[in-house]
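For reference, the chains in residue letters:
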Amino acid sequence: MKFAQKIASAVLGPAPVSRDRALGLSERLAAVTTLTSSLEYLSQRKEIRQGGLNDWNIVKDVQAESTPLVRRLLDAVSGPRTTTALHVARAAVAAGMLLPGNSRLRGAGSLFLGAGSALLYPRHRYGTDGSDQVAILVQTATGAARLTRSPQAKDALLWYVALQANLSYLVSGWVKLIGEPWRDASALSGVMRTRTYGHPGMYRWTQEHPTAAKYLTHGVLALECLFPLAYACGGRLARPVIASAAAFHLANGYFMGLGRFVTAFTAMHPMVAYTSTPRSHPAVAGRDDRALPVALALLAAAAAVQRRLRTTEGWHTSRVLTTRHGNELQYEVLSPGDDGRPVLVFAAGMVSTSEHFAWITERLAQDTGHGVVTYARAGYAGSRHRDPGRFSLGRSVDDLVDLVNGAVAPDRQVILVGHSLGGEIARRAARQLGDRVHGVVYLDASHPDELNRSAQQSETAGRLRGSLVQMTWYLRLGTGILMARPDWLESLPVAYRKKVFAQYADARMWEAGLREWDAVEADFRAHRGDLSPIGGAHGLVVSAQQTVDRDPDQLLMHRELAEAHRGGRTRTVVVEGAGHDTLLTMSRYAYQVADAITEFFALAPAGGAPSGTTAPTVAATAAPAATNTGRETVK
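Residues numbered from 1 in each chain as written. Predicted model: local features only at pLDDT ≥ 70, side-chain atom pairs only at ≥ 80, totals over all residues. Heavy atoms only, no water.

Visitor: Give a detailed account of the overall build of the chain, specifying residues and quantitative values.
Guide: A count of helices and strands for the chain gives 27 helices and 9 strands. In summary, the chain has a C-alpha radius of gyration of 33 Å against a globular reference of 26 Å for 635 residues, an excess of more than 25%. Projected onto its principal axes, the C-alpha coordinates of the chain cover approximately 95 × 70 × 60 Å. Residues classed as buried in the chain amount to 49% of the 635 residues present. Partitioning the intrachain contacts of the chain with sequence separation of at least 6 by distance along the chain shows that 76% fall at a separation of at least 24. Surface summary for the chain: the accessible area is close to 29,400 Å², and the carbon and sulfur share equals 58%. Of the charged side chains in the chain, 69 are positive and 55 negative, and the gap between their average positions amounts to 12 Å. (Helix = DSSP H or I, 4+ residues; strand = E, 2+ residues; numbered from the N terminus. Rg over C-alpha atoms; globule rule 2.2 N^0.38 Å. Buried < 20%, exposed > 50% of the residue type's maximum accessible area, 1.4 Å probe, protein only. Contact = heavy atoms within 4.5 Å. Areas by Shrake-Rupley, 256 points an atom, 1.4 Å probe, with all protein chains shown as cover. Lys, Arg positive; Asp, Glu negative; His and termini not counted. Charge placed at Lys NZ, Arg CZ, Asp CG, Glu CD.)

Visitor: Account for the packing of helix α7 (residues 130-147) against helix α14 (residues 259-266), naming residues and giving values.
Guide: Orientation of α7 relative to α14, taken along the N-to-C sense of each, is 25°, at an axis distance of 9 Å. As judged from the angle between their axes, α7 and α14 are roughly parallel. Crossing of α7 over α14 shows left-handed handedness. In this structure, α7 contributes Gly130, Ser131, Asp132 and Val134 to the contact, and α14 contributes Arg260, Phe261, Ala264 and Phe265. Residues belonging to the contact of α7 with α14 are distributed by class as follows: 4 nonpolar, 2 polar and 2 charged. (Axes fitted to C-alpha atoms, helices over the stretch in contact; angles between N-to-C directions. Parallel < 35°, antiparallel > 145°, perpendicular 65-115°, else oblique. Left-handed = near helix turned anticlockwise from the far one by under 90°. Nonpolar A, V, L, I, M, F, W, Y, C, P; charged D, E, K, R; others polar.)

Visitor: How would you sum up the packing of aromatic side chains? Please name residues and give values.
Guide: On inspection of all chains with the given rule, the structure shows 11 aromatic pairs. Residues Phe261 and Phe265 carry aromatic rings whose centres are separated by 5.4 Å and whose planes lie at 20° to one another, so their mutual orientation is stacked. Here Phe261 pairs with Phe265, and both are found in helix α14, just 4 residues apart, close to one helical turn. A residue is classified by how much of its surface remains accessible, and Phe261, at 16% relative accessible area, is buried. For Phe265, a relative accessible area of 12% puts it in the buried group. Between Phe600 and Phe601, the aromatic rings sit 4.9 Å apart at their centres with planes inclined by 80°, giving edge-to-face as the arrangement. Ring pairs connect the aromatic residues Tyr169, Phe227, Phe261 and Phe265, which therefore count as one cluster. One Lys or Arg, Arg476, reaches over the ring of Trp473 and ends 4.7 Å from the middle of that ring. Sitting over the face of the ring of Trp315, Lys499 holds its NZ or CZ atom 5.0 Å from the ring centroid. (Phe/Tyr/Trp six-rings, centres within 6.5 Å; stacked < 30°, edge-to-face > 60°. Lys NZ or Arg CZ within 6 Å of the ring centre and 35° of its normal.)

Visitor: Lay out the environment of Val171 with the relevant residues and their values.
Guide: Residue placement: Val171 occurs in helix α8 (residues 151-178). Along the sequence, Val171 and Cys225 sit 54 residues apart, while their C-alpha atoms lie 7.6 Å from each other.

Visitor: Tell me about empty space enclosed by the protein, and name the residues and values.
Guide: Scanning the entire structure with this criterion turns up 4 cavities of 30 Å³ or more. There is about 70 Å³ of room inside the largest cavity. Every residue lining the largest cavity is counted, 15 residues in all, and those nearest its centre are Trp315, Gln330, Glu332, Ser354 and Glu355. Counting residues per element, the ones that place at least two in the lining of the largest cavity are β2 (328-335), β4 (371-375) and α22 (494-504). (1 Å grid on protein atoms, 1.4 Å probe; cavity = no way out; pocket = protein on both sides within 12 Å on 5 of 7 lines; lining within 4 Å. Points joined across faces, edges and corners; volume = space filled by probe spheres on them.)

Visitor: I'd like to hear about the pattern of salt bridges, residue by residue, with values.
Guide: By the definition in use, this model includes 28 salt bridges. Between Arg106 and Glu27 there is a salt bridge; the shortest N-O distance is 2.6 Å. Separated by 79 residues along the polypeptide, Arg106 in helix α6 (residues 105-120) and Glu27 in helix α2 (residues 19-42) bring together distant segments of the chain. The pair Arg106 / Glu27 is uniform in exposure class, with both members buried. Arg428 is the partner of Asp523 in a salt bridge, and the nearest nitrogen-oxygen pair spans 2.8 Å. Of this pair, Asp523 sits in helix α23 (residues 507-525) while Arg428 sits in helix α19 (residues 421-433); the two residues are 95 residues apart in sequence, bridging distant segments of the chain. A relative accessible area of 26% places Asp523 in the partly exposed class. (Salt bridge = Lys/Arg side-chain N within 4 Å of Asp/Glu carboxyl O.)

Visitor: Tell me about unusual backbone geometry, and please be specific about residues and values.
Guide: Here Ala185, not a glycine, exhibits a phi torsion of approximately 70°, which is positive. Counting through the fold element by element, Ala185 comes out in the loop between α9 (180-183) and α10 (187-192). Not every positive phi belongs to a glycine, and Val351 is a case in point at roughly 50°. Within the secondary structure layout, Val351 lies in the loop between β3 (343-347) and α17 (358-367).

Visitor: Let's hear about the nonpolar core: which residues, and what values?
Guide: If you look at the biggest cluster of nonpolar residues, it comprises 60 residues, and the most contacted ones within it are Val345, Leu400, Val414, Leu416 and Val437. With 8 residues, the single largest contributor to this core is α23. Apart from residues no more than four positions distant in its own chain, Leu416 is found in contact with Val345, Val404, Ala426, Ala429, Ala430, Leu433, Val437, Gly439, Val440 and Val441. With 40 residues, the next largest nonpolar core counts Leu137, Ala245, Phe265 and Met268 among its residues. (Core = buried A, V, L, I, M, F, W, Y, C linked by side-chain atoms within 4.5 Å.)

What follows is the structure, encoded as structure tokens:
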């Protein structure tokens, strides 16, 4: 029993390394990497001469985008003689770093090696690898730690390297996990079969022992994905994790010929050992761990800034228009269309993005002669809410009117297309725009009386504000980095998903939604009477089957939207199987919507239609013919 306890104690437990010991081990291992690197390059000097693989006259073209100062500096050190001299100097300094001692001069030596490696890295474009990058990282940190007299600064630098080590394993592991060859364990044999990194003997072993090869492959995945477990349980797993990682690099060095990786990556392990040891241990007494929460805070801030930039930058074709209220609207002209045809202008729902229309707008832009414009309301995406006045739904209506007048040529009509709340905004904007509006398309649109007439809508409204407030504060606290991707996001076209998720995880969108909802609820609760008529414009009302089946009152209100178009052609359509959001986000429903829009306005050409006329059935599966208040079901 005592023997087993001794083995467990030797295997499981922290790997106590003092600050100076960690610095010494790391700088010597990194020096071995640099020494090996320079000796290799010196033995292959022909590659840097004219006509060689790394002929600077050719390789320097890669630096064309660098600043003039960087290009001049690289030109100065990239002549064959200068490059050779730098490698000789690096080899000499690296050999000196292997000698015993802890003087501050070692810091200067490490910084020289790191700076030299950084200068020579572009010079040897073909032949450098991740080991050189890791050596630069370690030498820069250890050099600065040697030169500073502050224990707190030393610990911050050691923590920096340790966190980089964790990130390098984590990223490598989770990226591998995405690839099916690593999940089905075929990656190991595939790598061993290659000419560059392969090993015939190891490849044969994977073929003769497939089960063992599978366990080994999944073991590598587990090691990399779970490397931070070295810090779990007071560092009790530090020894097996670090030992496994070192063994992994030794195997890479032997089987794949990546010899420099052995010393480069293990140079970070002393820092991991130092930072994973509990502070109560005498070896790390007085260690300053403030770098960890600071690093995590900076990481969260950087992620938030990156997501905000991705949210606000728009697309490379984005344009900005300032409205009468001072709001800056970001919009896209997806297609200018034919001059003789109306322009489709899309208005999204509350807490929704213009990219939700992607399936519909792409189809219409490619397959029709209509112009297509999408925009983000004030506070969404890159649109700025600058209005100093009290917000009301009418402000959003004014913004849409100004967008139409500013983004669409004055001699062209528009078709306003709105989903959910966007449908009500489009309806009100159509009354202001008058003859400029050729038609309005309502996609499962809101009705201004729905909170009064629909018990279900009224009940949902009571919970909606609480959800919006909760999400707003949740994201204000910087937790967007932890937000899971919603299932509906995977139904959008691939090119739009990152940008949509960035908006979804941005507090500004939810703040805008909360601002809108407060105004909408007050406006809708106060609604009385019938809808104001819209003369001359055609009206297409598309309902999601799940919406109207769950709430029959909604179908009646959707019919009223069509009835308000008293001077134009009208149609009501129900898309079978579609939900309120999937009407847009799922391609099979979105394409039905796009086709319904195309066919309806092909029957209602620019210039208007006789009052009271109706459209024929479009791919109907229900028996009733199309009338001003009829219901069609398409699938």
